[in-house]
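Structural overview
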Amino acid sequence: MYYVCKRIEVAMAHQLKLDYPSKCTRIHGHNAIITVYCKSETLDANGMVVDFTHVKQTVSELLDHQYVNDRVDFNPTAENLAKWICDHVDHCYKVTFQESENNIAAYCREEGAL
């Protein structure tokens, strides 16, 4: 099995829909650090699991300098965004989404993949 990961920084804004009072229900921004993990049993014709540039382009097009609420039809929490990214990147099995220094969410397609 071959494994690769790509770390990407994006500037984004969002507004959470919560059932309790929180400052996060107001529009606010993050310089998020997203790490995308991909794997494959075989390499493509170029000798890659996936091109790092393609991973960065995909994530950047989804999130960089975006008001995320206009891009998604779900509550844009870090957890939900991690899964959404995983669903959009070829061969992806895990995504970590760090929205601030001490707040990191992860989504894994496989149990025990953390």
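Glancing now at the nonpolar core. One finds I34, V36, L63, I85 and F97 to be the most contacted residues of the largest nonpolar core, which totals 27 residues. Listed by contribution, the elements that provide at least two residues to this core are β1 (2-14), β2 (28-40), α1 (52-63), α2 (78-88) and β4 (92-100). With sequence-adjacent residues up to four places away left out, V36 is seen in contact with V4, C5, K6, I8, V55, V59, I85, V89, C92, K94 and V95.

Turning our eyes to something else, we now look at the packing of aromatic side chains. Two aromatic rings are characterised by how far apart their centres lie and by the angle between their planes. Following the criterion strictly, the structure yields 3 aromatic pairs and no others. Consider the rings of F74 and W84, whose centres lie 6.1 Å apart with planes at 70°: the pair is edge-to-face. Pair noted here: F74 is in the loop between β3 (66-67) and α2 and W84 is in helix α2, with a separation of 10 residues, a long-range link. Its relative accessible area of 13% is what places W84 among the buried residues. Chaining the aromatic ring pairs together yields one cluster made of Y3, Y37 and Y93. The ring of Y93 has K39 lying over it, and the distance from NZ or CZ to the ring centre is 5.4 Å. When the ring centre of Y37 is taken as reference, the NZ or CZ atom of K94 above it lies at 4.5 Å.

Rules used throughout
Residues numbered from 1 in each chain as written. Predicted model: local features only at pLDDT ≥ 70, side-chain atom pairs only at ≥ 80, totals over all residues. Heavy atoms only, no water. Core = buried A, V, L, I, M, F, W, Y, C linked by side-chain atoms within 4.5 Å. Buried < 20%, exposed > 50% of the residue type's maximum accessible area, 1.4 Å probe, protein only. Helix = DSSP H or I, 4+ residues; strand = E, 2+ residues; numbered from the N terminus. Contact = heavy atoms within 4.5 Å. Phe/Tyr/Trp six-rings, centres within 6.5 Å; stacked < 30°, edge-to-face > 60°. Lys NZ or Arg CZ within 6 Å of the ring centre and 35° of its normal.

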